[in-house]
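Single-letter residue listing:
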Amino acid sequence: MSFLQFVLKHRLEITTLTFEHLRLVLWSLAIALAVGLPLGVFLVRHPRWRAVVLGTNNVIQVIPSLALFGLLLPVPWLGARADRLTIVALALYALLPIVRNTYTGISGVDPTVLEVATGMGLTPRQVLWNVELPLATPVILGGVRVATVITIGVATIAAAIGAGGLGEFIFRGLAMVDNNVILAGAIPAALMALLADALLGGLQRLLQRPRR
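Notes on the structure follow. From a predicted model like this one, the values you see are computed outputs, not experimental measurements. (Residues numbered from 1 in each chain as written. Predicted model: local features only at pLDDT ≥ 70, side-chain atom pairs only at ≥ 80, totals over all residues. Heavy atoms only, no water.)

**Some remarks on the overall build of the protein chain**
Rules: The way it works is that DSSP assigns letters per residue, a run of H or I at least four long becomes a helix, a run of E at least two long becomes a strand, and they are numbered from the N terminus. Categorising residues by exposure relies on relative accessible area from a 1.4 Å probe, with only protein chains included: less than 20% of the type maximum marks a residue as buried, more than 50% marks it as exposed, and the intermediate range marks it as partly exposed. Residue contacts follow a heavy-atom distance rule, with two residues in contact if any of their heavy atoms lie within 4.5 Å. Calculation of accessible area relied on Shrake-Rupley with a 1.4 Å probe; when residues are assessed, cover is drawn exclusively from the protein chains displayed.
The helix and strand tally for the protein chain stands at nine helices and zero strands. In the protein chain, the order of α-helices and β-strands from amino to carboxyl end is α-α-α-α-α-α-α-α-α. Dimensions of the protein chain, computed from the C-alpha atoms along their principal axes, are close to 70 × 40 × 25 Å. Expressed as a percentage of its 212 residues, the buried residues of the protein chain come to 41%. For the protein chain, the share of sequence-separated contacts (at least 6 apart) that also reach a separation of at least 24 residues comes to 72%. In the form shown here, the protein chain has an accessible surface area of approximately 11,500 Å², with 69% of it arising from carbon and sulfur atoms.

Below, the structure is given as structure tokens:
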């Protein structure tokens, strides 16, 4: 059976697993953004914590994904459901580029601009929302772009603990030594990563254009 014939025969399952994969990615990115953006702002205001926070995130990045899943399994509430555990693990992997780029983007705002904003009577909160974050958005989006691609790739490992997603085909294909089955999971995941990277890259370039 050719790869195309296999895809046509299993198109419903491929579609279902693709949406499962997408759900895991979107939930984990939402959590990573909800935690990472405030954490990046916190590091700008309290730079003495930078080494600790970024160092911890670096350590998480180098832990093999299966090992991280295994470490989280005994955690109450998380270990009860594979998809819940996977979302948290993926969010941890996505944190580093989001936190780092948020810190870098806001730290890179021209101090003169901040002085002018303060001189106009803006409060620190208004300066953050109306000046720092808008100017730092292209850099922050670059971090989100990296985090998205990482998350899509690592999410394929989720099938090893029964969380679903396109990794189901990859692990099944490895067990069967069947390239068609492996490619049925690998190709949609790769296309998803490329599409997400292209969309976010286009948005990033669009936001950078007025600054040139």
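**Structural notes on the packing of helix α2 (residues 11-45) against helix α7 (residues 124-154)**
Defined as follows: In this analysis, axes come from line fits to C-alpha atoms, helices being fitted only over the stretch in contact, and the angle between any two N-to-C directions falls in the range 0 to 180 degrees. Geometric relationships in this document are graded by angle, where less than 35 degrees denotes roughly parallel, more than 145 denotes roughly antiparallel, 65 to 115 denotes roughly perpendicular, and other angles denote oblique. Left-handed is the label given to a crossing in which the near helix is rotated counterclockwise from the far helix by less than a right angle, and right-handed is the label when the rotation is clockwise. Asp, Glu, Lys and Arg are counted as charged, while Ala, Val, Leu, Ile, Met, Phe, Trp, Tyr, Cys and Pro are counted as nonpolar; the rest, among them Gly, fall into the polar class.
Packing of α2 against α7 leaves a shortest axis separation of 10 Å and a crossing angle of 140°. For the element pair α2 / α7, the angle class is oblique. Judged by the sense of rotation from one axis to the other, the crossing of α2 with α7 is right-handed. Contacts between α2 and α7 involve His 21, Val 25, Ser 28, Leu 29, Leu 33, Leu 37, Val 41 and Arg 45 from the first element and Pro 124, Leu 128, Glu 132, Ile 140, Val 144, Ala 147, Thr 148, Thr 151 and Ile 152 from the second. By residue class, the composition of the contact of α2 with α7 is 11 nonpolar, four polar and two charged.

**Some thoughts on the nonpolar core**
Spelled out, the test is: To form a nonpolar core, buried Ala, Val, Leu, Ile, Met, Phe, Trp, Tyr and Cys residues must be joined to one another through side-chain atoms within 4.5 Å.
Membership of the largest hydrophobic core comes to 51 residues, with the highest contact counts inside it found for Ile 106 and Phe 169. Broken down by secondary-structure element, the contributors of at least two residues to this core are α2, α3 (50-62), α4 (65-72), α5 (82-107), α7 and α9 (179-208). It is α5 that provides the largest number of residues to this core, a total of 13 residues. When neighbours within four sequence positions are excluded, Phe 169 is seen to be in contact with Phe 6, Glu 13, Ile 14, Leu 17, Val 181, Ile 182, Ala 184 and Gly 185.

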